[in-house]
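# Summary of structural features
Residue strings, one per chain:
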Number of protein chains: 2
Amino acid sequence: MKLLEDRIRKDGIVKPGNVLKVDSFLNHQIDIGLYQEMGREWKRLFEGTKITKILTIEASGIGLACITAQYFNVPVVFAKKSQSINLDGESYCTKIRSFTHQRVYDVIVSRKYLSPEDKILIIDDFLANGCALEGLIEIIHEAGAAVAGVGIAVEKGFQDGGRKIRSMGIRVESLAIVQSMDPATGEIVFADHSPADAAAEDPVH
Amino acid sequence: MKLLEDRIRKDGIVKPGNVLKVDSFLNHQIDIGLYQEMGREWKRLFEGTKITKILTIEASGIGLACITAQYFNVPVVFAKKSQSINLDGESYCTKIRSFTHQRVYDVIVSRKYLSPEDKILIIDDFLANGCALEGLIEIIHEAGAAVAGVGIAVEKGFQDGGRKIRSMGIRVESLAIVQSMDPATGEIVFADHSPADAAAEDPVH
């Protein structure tokens, strides 16, 4: 998605250790107009796919999931990262390792909000090693529900999360795929656009 | 707001220990249409008030803040609950005590996203003892910005957070104020509607 790639080039900051900071517009301060365009793009990409619910994980996936849900007209469920006294015992639970926070979380979704009839679109801001996604997919399968697809804002194409999830036969639509980035120069190279993107941008073909 | 009160009566669950579970529609599974109506209601209530930014705190405030920001056409900033390696050192930081999780959090907002020119609307899902709100207000004051108001989904009127914040001269618009609730019968009594609400519902006056 050219709009997102351009914004990452303009306002993203490359830090040592494969860290891409996009917190001025994506996951600390949020440009709501950009979120809306991303939600519309996923709606376009998943047109014709049956989706009954959007699942995300706290914290930075929640806003993107809520804005996107408006275009699909479905509820959002967000997985919680630690046991809360407000959650009763009836929950699906798994453990995920966070690259950003360098720790292991319990991830919890109440059994009441996932059913075998559900076709779930997972939305999240980042895909790197895929640990969070694997956890959410495990919970969806435990509920007997189906993964309709995955929508990611920024995929780190040089880490293996995208390959792992796609090799499970799951459709992953990342709106920007970073192929490489250089903390010394700040240069960010994106992977080629998806065929759908290219067609949309070049009406001749 | 009658829509929210009715939904709390229908789907809210009263638990011992002053716990009101609204996680089927407000803060675990999310009814996006309800969020939109709440956002429109805050836009109506704060009409004429200058607002440049919405501030909330992870996790359950984020979705509500993002949906609401669409009606104000402003960015959202969400405060983070613990130090992340993706946040640089340039942050406002305070500590808040969480009633729900019975622990103390560090709450952090990057200095880049609050400026002395900002007029901030704080949005959150619950107001009970007001600790989270006090933390956010402290951060806003530290940044030299102004608190334009506070929008709360559910205020526990029998706890003293609302009184504390209003006594600071800050306008708090809670869309539902629970006056009392009974875990034995499940009965929930709401405080009287605000004058604005009453006028909207009774066109004769």
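What counts as what
Residues numbered from 1 in each chain as written. Chains lettered and ligands numbered in written order. Predicted model: local features only at pLDDT ≥ 70, side-chain atom pairs only at ≥ 80, totals over all residues. Heavy atoms only, no water. Helix = DSSP H or I, 4+ residues; strand = E, 2+ residues; numbered from the N terminus. Buried < 20%, exposed > 50% of the residue type's maximum accessible area, 1.4 Å probe, protein only. Contact = heavy atoms within 4.5 Å. Areas by Shrake-Rupley, 256 points an atom, 1.4 Å probe, with all protein chains shown as cover. Core = buried A, V, L, I, M, F, W, Y, C linked by side-chain atoms within 4.5 Å. Phe/Tyr/Trp six-rings, centres within 6.5 Å; stacked < 30°, edge-to-face > 60°. Lys NZ or Arg CZ within 6 Å of the ring centre and 35° of its normal. Pairing = 2+ DSSP bridges. Axes fitted to C-alpha atoms, helices over the stretch in contact; angles between N-to-C directions. Salt bridge = Lys/Arg side-chain N within 4 Å of Asp/Glu carboxyl O. Expected span 1.5 Å × (residues − 1). Parallel < 35°, antiparallel > 145°, perpendicular 65-115°, else oblique. Nonpolar A, V, L, I, M, F, W, Y, C, P; charged D, E, K, R; others polar. Right-handed = clockwise from strand over helix to strand, strands pointing away. pLDDT = per-residue confidence, 0-100. Lys, Arg positive; Asp, Glu negative; His and termini not counted. Polar contact = N/O pair within 3.5 Å; in protein donor to acceptor, adjacent residues only side chain to side chain.

## A look at the overall build of chain A
Within chain A one finds six helices and 11 strands. Here chain A holds 205 residues, and the buried ones make up 55% of them. The long-range fraction of contacts in chain A, counting pairs at least 24 apart against all pairs at least 6 apart in sequence, stands at 60%. Counting every atom, chain A has about 8600 Å² of accessible surface; 49% of that belongs to carbon and sulfur.

## Overview of the nonpolar core
The tendency in soluble globular proteins is for nonpolar side chains to be buried as a group. Membership of the largest hydrophobic core comes to 79 residues, with the highest contact counts inside it found for L4(A), I8(A), L26(A), M38(A), L4(B), I8(B) and M38(B). Apart from the residues lying within four places of it in its own chain, the contact partners of I8(A) are L20(A), V22(A), F25(A), V154(A), A176(A), I188(A) and F190(A).

## A closer look at the packing of aromatic side chains
All names here are of chain B. A complete count under the given rule lists zero aromatic pairs over all chains for this structure. Positioned above the aromatic ring of Y105 is the side chain of K81, whose terminal nitrogen or guanidinium carbon lies 4.9 Å from the ring centre. One residue, R171, lies across the ring of F46, its end atom 4.5 Å from the ring centre.

## Some remarks on the sheet that holds strand β9 (residues 146–156) of chain A
Across the sheet, seven strands lie side by side as β11(A)-β10(A)-β9(A)-β8(A)-β4(A)-β5(A)-β3(B); this open sheet has mixed pairing. Looking along the sheet, the strands with just one partner apiece sit at the ends: β11 (188–190) of chain A together with β3 (29–30) of chain B. Pairing of strand β10 (residues 172–181) of chain A with β11(A) involves three bridges; the strand directions are antiparallel. Looking across to β11(A), one finds that V178(A) is bridged to F190(A). Here helix α3 (residues 61–72) of chain A sits on the sheet and contacts β4 (53–57), β5 (76–79), β8 (119–127) and β9 of chain A together with β3 of chain B; the angle it forms with β4(A), its principal contact strand, is near 170°. Docked against the sheet, helix α4 (residues 131–142) of chain A engages β4, β5, β8 and β9 of chain A, running at close to 165° with respect to β8(A).

## Observations concerning the pattern of salt bridges
A side chain with one charge can pair with a side chain of the opposite charge if their charged atoms come near. Residue and element names in this part refer to chain B. Applying the stated criterion across every chain yields a total of 32 salt bridges over all chains. Put simply, E134 and K164 hold a salt bridge, and the shortest N to O gap is 3.3 Å. Placement of the pair is E134 in helix α4 (residues 131–142) and K164 in helix α5 (residues 161–166), with a sequence separation of 30 residues. What makes E134 partly exposed here is its relative accessible area of 31%.

## What about α4(B)?
An ideal rise of 1.5 Å per residue puts 16 Å on 12 residues; α4(B) measures up with 17 Å between its terminal C-alpha atoms. Regarding α4(B), the residues found buried are L133(B), G135(B), L136(B), I137(B), I139(B) and I140(B).

## Some words on the packing of α3(A) against helix α2 (residues 32–45) of chain B
It is the contact of α3(A) with α2(B), at a shortest axis distance of 10 Å, that shows an interaxial angle of 105°. With respect to α2(B), the element α3(A) is oriented roughly perpendicular. Counting all contacts with α3(A), which are made through C66(A), A69(A) and Q70(A), the residues of α2(B) involved are I32(B), Y35(B) and Q36(B). Here the residues of the contact of α3(A) with α2(B) are counted per class, giving four nonpolar, two polar and no charged.

## Observations concerning the sheet that holds strand β8 (residues 119–127) of chain B
Read from one edge to the other, the open sheet built from seven strands follows the order β3(A)-β5(B)-β4(B)-β8(B)-β9(B)-β10(B)-β11(B), with strand pairing classed as mixed. Looking along the sheet, the strands with just one partner apiece sit at the ends: β3 (29–30) of chain A together with β11 (188–190) of chain B. Bridge count for strand β4 (residues 53–57) of chain B against strand β5 (residues 76–79) of chain B is four bridges, and the pairing is parallel. Within the sheet, the bridge partner assigned to L55(B) lies in β5(B) and is V77(B). α4(B) rests against β4, β5, β8 and β9 (146–156) of chain B of the sheet, and its axis sits at about 165° to β8(B).

## Side note on the packing of helix α1 (residues 2–11) of chain A against helix α2 (residues 32–45) of chain A
Residues and elements named next belong to chain A. At a closest axis distance of 10 Å, the pairing of α1 and α2 adopts a crossing angle of 145°. Between α1, through L3, L4 and R7, and α2, the contact on the second element is made entirely by L34, E37 and M38. For the contact of α1 with α2, the per-class residue count stands at four nonpolar, no polar and two charged.

## Quick word on the environment of V76(B)
Assignment of secondary structure puts V76(B) in strand β5. Between the alpha carbons of V76(B) and Y92(B) there is a distance of 16 Å; along the sequence they are 16 residues apart.

## Looking at the pairing of β5(A)
Burial of the side chains of β5(A) extends over both faces: V76(A) and F78(A) are buried on one face and V77(A) and A79(A) on the other. In this fold, the crossover linking β4(A) to β5(A) by way of α3(A) has right-handed handedness. Bridge count between β5(A) and β3(B): two bridges; the pairing is antiparallel. Note that in β3(B) the partner of V77(A) across the bridge is Q29(B).

## Notes on the confidence of the model for chain A
The pLDDT averaged across chain A works out to 91; a share of 89% of its residues lies at or above 70. The complex model carries a pTM of 0.92, and its ipTM stands at 0.92.

## Examining the side chain of K156(A)
Residues and elements named next belong to chain A. Inspection of the secondary structure assignment puts K156 in strand β9. As a buried residue without a salt bridge, K156 has its nearest oppositely charged side chain in D125, at a separation of 10 Å. A polar atom in the side chain of K156 sits 2.8 Å from the backbone oxygen of N18.

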